[in-house]
Amino acid sequence: MLAGITVALVVIPQSLAYAQLAGMPAYYGLYASLLPSIVGALFGSSAQLSTGPVALTSLLTAASIAPLAPPGSDAFIAHAVLLALLSGLFQIGFGLLRMGMAINLLSQPVLMGFINAAAIIIALSQLPPLVGMSARQTEHFLLDTWHVIINLDLMHATSLVFGASAIAMLLGFRRFAPRLPGVLITVALLTGISYAIGFAALGGRVVGAVPQGFPRFSVPAIDWETTKQLLPAAFVIALISFMEAMSSCKVIAIKTKRPWKENQELIGQGLAKIAAAFNHTMPVSGSFSRSALNLQANAHSGISSLVSALVVLLTLLFFTPLLYHLPKPVLAAVIMLAVFNLINFQSFRRAWRASRDDGLAAVITFATTLLFAPNIQDGILAGIIASLSLFLYREMRPRIAIVSLHQDGTLRDAARFNLPPVHQEIGILRLDASLNFVTAASLEDAVLKIERDKPPLKFILLTAGGINELDATGADLLFKLSERLSQNGITLALSAAKKQVQEVIDRTGLDAAIGSANIYATDRLALEGLLARVAA
């Protein structure tokens, strides 16, 4: 219960801010923190995961609907509700089809490239409300931001004071009193000052009237034309929001030593989004920051989320008049400070050092997300395509080494260790990859190169210890190589095949085509056998 109250003190101001980020009236964030939070706790698998409005999902919502309707309009709200329904159905479908592991197709470099770009976009998107200006809504977010920067002389000075004060206070609480509910204290204090000085009458923008009572429960209106337009965005939201929830669940599982189930969490998060749709609000997700606070406050079950929802409900029933004078520049400051924690450019360096392909995928995702903004879903799709394309390109160029006998008795890379051939009539090569439709052509080229470069060959040995998979294309290649080499007086031999590879060899009849006498259980037996045969 204490953990739930603690999280509620953060979720109330945060939810108002994230609704503003999503292009919705601020109080819709409270709706998104009510029933969806309860459903996520009841049907998810992680006891400490806090479900509700989050920055990335809110930004994706705004970016997806902005081309279709003006932010804050009735049409915009209807589209957001439909988007919550569609993305929830996607997640439930993923969960029922047991596709939790398939979500990992979104690689870490792509995810980090997207998150860094999205954090910058979120921060820049809050610059106009922070300084009390109106922002243009065009297809070019960076140009819109530049337009705001070059016209800063038109800003509302009092709004800037509120926004800057909020940033200073939030940083102060983070630095000197991290255990206090800094967001709530900052929002409450500046709301009181706003009321005292008449900020709204001075031209400042405030949250305004918040309807009291429980949000209305209704069936989402489904328009098929709009549905078709929102489907790609719904898929991206389902993917990204679950990645965010999954990262929280992994951290929670490590710290609590309790397991969690990917597919069950997909269903739970999907149902939470559908609950948001029927509660007439925006898409939700698992919050990393609020889940971490839940964990820090020693929450042991989903009861903490139920208590948080109860506090939100009490706020809607009795305390909404207190929110009227909440300045929108303060909400902008809350969003800015929240997303600055998402920026991590060190991840680019680590990805590049691990693999240039991964580094390139991260950079492509980052750049395209920024350039395509506000249509940032195009950026993540470009990143996924780039990542998978680079992966396939890398797989098409597997490591194939000419090997020879090392002094330690093993077969090692001849070029790396400067090893002489085992015998001039024996060529040995090793494939460090699966032998499938992607790698078959490279292996064929390598075998034919050995055949051309060493005319007196009688045997070509393929050490299969590095082959984890043999598919139909790979098996067909071995059939053809065995036949072609045999016509040229060369015998193809295999050694050290793993169980799953040997089973394919047996099922397809490769053992008969190659000859059981040419298939050896180990590399050592293959060397001894082939050396004896060339000496005979």
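Look up a bit, the structure's there.
A brief look at the structure comes next. (Residues numbered from 1 in each chain as written. Predicted model: local features only at pLDDT ≥ 70, side-chain atom pairs only at ≥ 80, totals over all residues. Heavy atoms only, no water.)

So, about the overall build of the protein chain. When its secondary structure is counted, the protein chain shows 24 helices and 8 strands. Here the C-alpha atoms of the protein chain give a radius of gyration of 30 Å, more than 25% beyond the 24 Å that 2.2 N^0.38 yields for 536 residues. Principal-axis analysis of the C-alpha atoms gives the protein chain an extent of 105 × 50 × 50 Å. Split into buried and exposed, the 536 residues of the protein chain put 53% on the buried side. Residue pairs at least 24 apart in sequence account for 80% of intrachain contacts in the protein chain once pairs closer than 6 positions are excluded. Carbon and sulfur atoms provide 63% of the accessible area of the protein chain, an area that totals close to 24100 Å². (Helix = DSSP H or I, 4+ residues; strand = E, 2+ residues; numbered from the N terminus. Rg over C-alpha atoms; globule rule 2.2 N^0.38 Å. Buried < 20%, exposed > 50% of the residue type's maximum accessible area, 1.4 Å probe, protein only. Contact = heavy atoms within 4.5 Å. Areas by Shrake-Rupley, 256 points an atom, 1.4 Å probe, with all protein chains shown as cover.)

Next up on the list: the sheet that holds strand β7 (residues 491-495). A sheet is described by the order of its strands in space; here 6 strands give the open sequence β4-β3-β5-β6-β7-β8, paired in mixed fashion. The two strands at the open ends of the sheet, each matched to only one other strand, are β4 (411-413) and β8 (519-520). Relative to strand β6 (residues 459-463), strand β5 (residues 426-431) runs parallel, the two being bridged by 5 bridges. For Arg430, the partnering residue across the bridge sits in β6 and is Thr463. Where helix α20 (residues 440-453) meets the sheet, its contacts fall on β3 (400-405), β5 and β6, and the angle it forms with β5 comes to roughly 160 degrees. (Pairing = 2+ DSSP bridges. Axes fitted to C-alpha atoms, helices over the stretch in contact; angles between N-to-C directions.)

Attention now goes to the pattern of salt bridges. In the structure shown here, the tally under the stated rule is 10 salt bridges. A salt bridge links Asp357 to Arg394, with the shortest nitrogen-to-oxygen separation between them at 2.9 Å. Within this pair, whereas Asp357 is found in helix α17 (residues 356-372), its partner Arg394 is found in helix α18 (residues 376-395), the two being separated by 37 residues in sequence. Judged by its relative accessible area of 34%, Arg394 falls in the partly exposed class. One connected set of salt bridges, linked through shared partners, spans Arg399, Asp413, Arg430 and Asp432. (Salt bridge = Lys/Arg side-chain N within 4 Å of Asp/Glu carboxyl O.)

Quick look at helix α12 (residues 262-278) now. Across its 17 residues, α12 extends 24 Å between first and last C-alpha, which sits within 8% of the 24 Å expected from 1.5 Å per residue. Where burial is concerned, most of α12 is hidden: 14 out of the 17 residues are buried. One or two residues past the end of α12 sits His280, with phi positive at roughly 60 degrees. (Expected span 1.5 Å × (residues − 1).)

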